[in-house]
Amino acid sequence: MTDVLEPAATRTINGTCHHDCPDSCGWIVTVEDRPAGPVAVKLRGNPDHPYSAGELCPKVNRFLDRVYSPDRLLHPMRRVGPKGAGEFEQISWDDALTEIATNLHRVIREHGPEAVLPYSDAGNQSMLALMGLSGRFFGHMGATKLDRNICGVTVGAGMAKTVGSPRGIDPMQHLHSKLLILWGTNTRLTNRHLWPTIEAARANGARLVVIDPIRTVTADAIDETRGDQFIQPLPGTDIAMILAMMHVLIRDELTNQAWIDAHTLGFSELQDEVADWTPERAADACGVPADVITQLAHDYATVRPAGIRTLIGPEHHENGAMFHRTLSCLPALTGAWAERGGGVSKSTGGWTECQMDVDAILRPDLEVGNSRTLNMSRLGQILTHPHAGENDGPAVHAFINWNCNPVVTTPNAELIKQGLLRDDIFTVVHEQFLTDTAKYADIVLPATTQIEADDIVFSWGSLHTNYNNAAIPPLGESVSNPELFRRLADAMGYTEPALFDDDETLMREGAPDLDLDGLRDTMWQEAPYPADGRPFGDGDFDTPSGRLHLASDELEAMGQPRVPTYIAPNEGPGGDPALVALYPLQLLTPKHHARFLNSGYSHLPKHGPAEGGPFVELDAIDAAARQLVDGATARVWNGRATVQLPVKISTRLRPGVVAIPWGWWMQDHPDGKAANALTNDTLTEWGGGVAYSDTLVEVAALT
Ligand SMILES: Nc1nc2c(c(=O)[nH]1)N[C@H]1C(S)=C(S)[C@@H](COP(=O)(O)OP(=O)(O)OC[C@H]3O[C@@H](n4cnc5c(=O)[nH]c(N)nc54)[C@H](O)[C@@H]3O)O[C@H]1N2
Ligand SMILES: Nc1nc2c(c(=O)[nH]1)N[C@H]1C(S)=C(S)[C@@H](COP(=O)(O)OP(=O)(O)OC[C@H]3O[C@@H](n4cnc5c(=O)[nH]c(N)nc54)[C@H](O)[C@@H]3O)O[C@H]1N2
Ligand code: SF4
Ligand SMILES: [Mo]
């Protein structure tokens, strides 16, 4: 009897999506036990999951196409062509590990361990994939450390200066909001499983305000007949608008003085700062009419509870941390922090991740020496300008990359390519696919997918901590991230036992307060959160004083303004006039496609082609001024790069702002340069984030 005639036995296995997405959906994998081994035949949303309720998304509905893609990397490979050409030969794990260890020992001998740069992010954001053993391995080596602050850290760093920690309210509490401002978040695209809660709030009478420089799919959901509103500021200028709202709240006696007196510090200093921020002055800076700002301030104070939902978009500006600090001051003036459904919601990491013992998993005690820390967003500068500025110390001669695709996702990407072309840099990439970054590797190693390894997933969009069961064994010779570092430690000849902990030990060490066995039974647990939905109801902020800091001594000590202050981004219309004269248009490069998750899907046949292709989008006025017509090829350029793209004229942008969807690879662009070739790698004022969205360009027809 053959496998074809005999129906194979099937089993179902529960798991959790690992993507760097707020939703952390629950899934069920159906596995057939065939003679050659288990095969996953179906992957569907788990209807019992309390947040995702059985739905996945257009990215992950076809996850098994990704797992079983003919392009999946299943064996180690060695480069045989020039760097970047993508020509490789298959080799054994033993040969790959020997070659890596030989090169790392050579680099350490010749240049010291800081010449090794580990580089990773949250491609798989499960706990072990994100942190298991990599920190220990590179700490024990004495390698350079990496600030992994490209996403979300700046939101927390900004907000913490106001409320004392990166904890906002649980976004599910917006069910109780009567006015809900979606401030710089594209919920329907990026956080789709929150949308049912927003719809439920609207059914209860909530009004929706969307504030975004782009008329996104989320802005499209507003219904003006119900009092919903779309407000379109210029990128990077919202702080001016918020200061003017505060000005109006104080001027028109809409503040809750008793709450301010009881629960905040520094009100009179803030009052002085906003005294000059009339709506008219703010309108000049942010492009939103003064009467719209005034009305929004009145609505915010009078329609209660008033909730604000934000996420990552506005952090990607030079003033990104101050944006989040200023935003979290707004509910202090009305006392909205005390109301169920009021206050600000952001990532829920501050609630879920406190169940993690980060030091127990990273083990900083194993670090040797006092290695420097470099910021991941400065990769191009790091690789091409050794010994300059922040790159004090040895030049990087070994680049070990896993769990991210910087050639597509990190700003100023042409500089990264230049750096990776250096013949005195040894590059290892651990990946599922031959990404644009992997093409520059000397050795490529195959990585498992989420259905091939157990792990714990801490959600950052809800209060849930989820378990992930492996459904099938690793395909080919692929290994999970923690297994990679066990193998590398062995190849290096290291003997420190903590470098070899197994996954079970790592889970118990990293999440000591979790009932792991219980989690495996139930698949998800909710982090503790006040039953009345009001974590800051009686003040109770995480600052030493327990009060919300409208003025901050801490910021003053860091050389930053004590109170919320608008500083126009240098690479923006209110910034360097010489730059504006050369490059008059503000460029946004946002997440745009429903079938993409960052750079992880554009290369798959059911994803990229279905989204068409990349383009430069601009308003008809800007297009006409440049004699650009729909479909023509344009060049978009600034001091960093020139990129060629088809023109798309739209009504989604205001004049002066253009957009290029992000996530496409080099191969999708006629000249091999993608959106991040153009973007700004200036860091945020604090928090270590990066100002992708303060990028100025000019656009012209390609001649
Ligand atoms: N489909 C899909 N979903 C995703 C992702 C994906 O690639 N595809 N990526 C995931 C990841 S990694 C993340 S971090 C989240 C991000 O989730 P979000 O933060 O919701 O998404 P972004 O597109 O980064 O930014 C949101 C919005 O901020 C706007 N914005 C930019 N600058 C400003 C500004 O100065 N002021 C205001 N008011 N708005 C501004 C942008 O135009 C954008 O519409 O999404 C996750 N979900
Ligand atoms: N222009 C522009 N740039 C941006 C943004 C933007 O909005 N605009 N958004 C920024 C944001 S918010 C983020 S979070 C970053 C995201 O940037 P990246 O972290 O680079 O994001 P991904 O494209 O998801 O890349 C993840 C890679 O990890 C691989 N991977 C997945 N699982 C595993 C695993 O278990 N092991 C290993 N070794 N590899 C795995 C995938 O195959 C994929 O190639 O991009 C940032 N870059
Ligand atoms: S990518 Fe996000 S929305 Fe899609 S399945 Fe994963 S967690 Fe859910
Ligand atoms: Mo992100």
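Residues numbered from 1 in each chain as written. Chains lettered and ligands numbered in written order. Predicted model: local features only at pLDDT ≥ 70, side-chain atom pairs only at ≥ 80, totals over all residues. Heavy atoms only, no water.

Caption draft 1: Layout of the nonpolar core. In this structure, Ile181, Trp183, Met246, Tyr300, Leu330, Leu333 and Trp337 are the most contacted members of the largest nonpolar core, which totals 62 residues. Counting residues per element, this core draws most heavily on helix 8 (residues 238-251), which supplies eleven residues. Every residue in contact with leucine 333, bar those within four places of it in the chain, is listed here: Met246, Leu249, Ile250, Thr255, Asn256, Ile260, Phe267, Leu270 and Leu550. Counting 50 residues, the second-largest nonpolar core is a separate cluster that includes Leu97, Val107, Val116 and Tyr494. (Core = buried A, V, L, I, M, F, W, Y, C linked by side-chain atoms within 4.5 Å. Buried < 20%, exposed > 50% of the residue type's maximum accessible area, 1.4 Å probe, protein only. Helix = DSSP H or I, 4+ residues; strand = E, 2+ residues; numbered from the N terminus. Contact = heavy atoms within 4.5 Å.)

Caption draft 2: Spatial organisation of the site of ligand 2. As a matter of local geometry, ligand 2 sits amid 28 residues, with Thr409, Glu431, Asn481, Thr589 and Ser599 nearest to it. A distance of 3.3 Å separates a nitrogen atom of ligand 2 from a polar side-chain atom of glutamine 432. At 2.8 Å, a side-chain N or O of asparagine 676 approaches a nitrogen atom of ligand 2. Mapping the shell around ligand 2 onto the domain boundaries places at least three of its residues in each of domain 2 (77-150 + 353-526) and domain 4 (577-701). (Near = heavy atom within 4 Å. Polar contact = N/O pair within 3.5 Å; in protein donor to acceptor, adjacent residues only side chain to side chain. Domains from an automatic or database assignment.)

Caption draft 3: Looking closely at the site of ligand 3. Residues in contact with ligand 3, as listed here, are Cys17, His19, Cys21, Asp23, Ser24, Cys25, Leu56, Cys57, Lys59, Val60 and His193. Here ligand 3 is seated within the largest cavity. Taken together, the residues that form the shell around ligand 3 break down as six nonpolar, three polar and two charged. (1 Å grid on protein atoms, 1.4 Å probe; cavity = no way out; pocket = protein on both sides within 12 Å on 5 of 7 lines; lining within 4 Å. Sits in = over half its atoms within 2 Å of the grid points. Nonpolar A, V, L, I, M, F, W, Y, C, P; charged D, E, K, R; others polar.)

Caption draft 4: Structural detail: the packing of helix 2 (residues 93-111) against helix 19 (residues 481-491). Look at helix 2 against helix 19: their axes get within 9 Å of each other, and the N-to-C directions meet at 65°. Handedness of the crossing formed by helix 2 with helix 19: right-handed. From helix 2, Trp93, Leu97, Ile100 and Ala101 reach across to helix 19, where they touch Leu484, Arg487, Leu488 and Ala491. Residue composition of the contact of helix 2 with helix 19, grouped by class: seven nonpolar, no polar and one charged. (Axes fitted to C-alpha atoms, helices over the stretch in contact; angles between N-to-C directions. Left-handed = near helix turned anticlockwise from the far one by under 90°.)

Caption draft 5: Structural detail: empty space enclosed by the protein. Considering all chains together, one arrives at three cavities of 30 Å³ or more under this definition. Taken as a whole, the largest cavity spans an internal volume of roughly 110 Å³. What lines the largest cavity is a set of 16 residues, among which Cys21, Asp23, Cys25, Cys57 and Lys59 lie closest to the centre. Looking at the lining of the largest cavity, its residues break down into eight nonpolar, five polar and three charged. Each of domain 1 (9-67) and domain 3 (153-346) contributes no fewer than three residues to the lining of the largest cavity. In this structure, the second largest cavity occupies an estimated 40 Å³ of space. If you go around the second largest cavity, the residues you meet are Val407, Ala413, Glu414, Lys417, Asp436, Met666, Gly672, Lys673, Ala674, Asn676 and Ala677. No other element matches helix 18 (residues 413-420), which puts three residues into the lining of the second largest cavity. Residue composition of the lining of the second largest cavity, grouped by class: five nonpolar, two polar and four charged. Each of two domains, domain 2 (77-150 + 353-526) and domain 4 (577-701), supplies a minimum of three residues to the lining of the second largest cavity. (Points joined across faces, edges and corners; volume = space filled by probe spheres on them.)

Caption draft 6: Layout of the environment of arginine 62. If you trace the backbone, arginine 62 turns up in the loop between strand 3 (37-45) and helix 1 (63-67). A residue is classified by how much of its surface remains accessible, and arginine 62, at 39% relative accessible area, is partly exposed. In the structure, arginine 62 is positioned 593 residues away from proline 655 in sequence and 38 Å away in space, judged by C-alpha atoms. Apart from residues no more than four positions distant in its own chain, arginine 62 is found in contact with Lys606 and His607.

Caption draft 7: View of the domain arrangement of the chain. Taken as a whole, the chain is organised into domain 1 (9-67), domain 2 (77-150 + 353-526), domain 3 (153-346) and domain 4 (577-701). Using C-alpha coordinates to define each centre, domain 1 is positioned 33 Å away from domain 4. Of the roughly 860 Å² buried where domain 1 meets domain 4, counting both sides, 58% is carbon and sulfur surface. Interface area lost by domain 1 to domain 4 is led by Lys59, Arg62 and Arg66, which between them contribute 60%. Taken together, the connections running from domain 1 to domain 4 amount to zero salt bridges. Linking domain 1 with domain 4 are two residue pairs in polar contact (both at pLDDT 80 or more). In terms of residue class, the side of domain 1 that touches domain 4 is built from four nonpolar, one polar and five charged. (Buried area = accessible area lost by both parts, 1.4 Å probe. Salt bridge = Lys/Arg side-chain N within 4 Å of Asp/Glu carboxyl O.)

Caption draft 8: Structural view of the packing of aromatic side chains. By the definition in use, this model includes 16 aromatic pairs. An angle of 65° between the planes, with centres 4.8 Å apart, marks the rings of tryptophan 351 and tyrosine 529 as edge-to-face. A residue pair is termed long-range when its members are at least 10 positions apart, and tryptophan 351 in helix 14 (residues 349-352) and tyrosine 529 in the loop between strand 20 (524-526) and strand 21 (548-549) qualify at 178 residues. The buried category is assigned to tryptophan 351, whose relative accessible area is 7%. Taken together through their ring pairs, the aromatic side chains of Phe137, Phe138, Trp402, Phe485 and Tyr494 make up a single cluster. One cation-aromatic arrangement involves arginine 66 over tyrosine 601; the distance from NZ or CZ to the ring centre is 4.7 Å. Here the guanidinium or amino end of arginine 487 rests over the ring plane of tryptophan 93, the centre of that ring lying 4.7 Å away. (Phe/Tyr/Trp six-rings, centres within 6.5 Å; stacked < 30°, edge-to-face > 60°. Lys NZ or Arg CZ within 6 Å of the ring centre and 35° of its normal.)

Caption draft 9: Inspection of helix 18 at higher detail. With six of its eight residues buried, helix 18 lies for the most part within the structure. For helix 18, the complete set of buried residues consists of Ala413, Leu415, Ile416, Lys417, Gly419 and Leu420. Residues of helix 18 that are buried make contact with helix 16 (379-384), strand 15 (398-402), helix 17 (406-409) and strand 16 (426-431).

Caption draft 10: Inspection of the sheet that holds strand 12 (residues 306-309) at higher detail. Spatially, 10-9-8-12-13 is the arrangement adopted by the five strands of the open sheet, whose pairing is parallel. What marks the edges here is a single partner per strand, and that holds for strand 10 (229-231) and strand 13 (343-345). Neighbour-to-neighbour, the strand axes of this sheet turn through a mean angle of 20°, independent of strand direction. Relative to strand 13, strand 12 runs parallel, the two being bridged by three bridges. By the bridge assignment for strand 13, arginine 309 is matched with serine 345. Sitting on the sheet, helix 8 is in contact with strand 8 (179-183), strand 9 (207-211) and strand 10, with an inclination near 155° to strand 8. Helix 13 (residues 320-334) rests against strand 8, strand 12 and strand 13 of the sheet, and its axis sits at about 140° to strand 13. (Pairing = 2+ DSSP bridges.)

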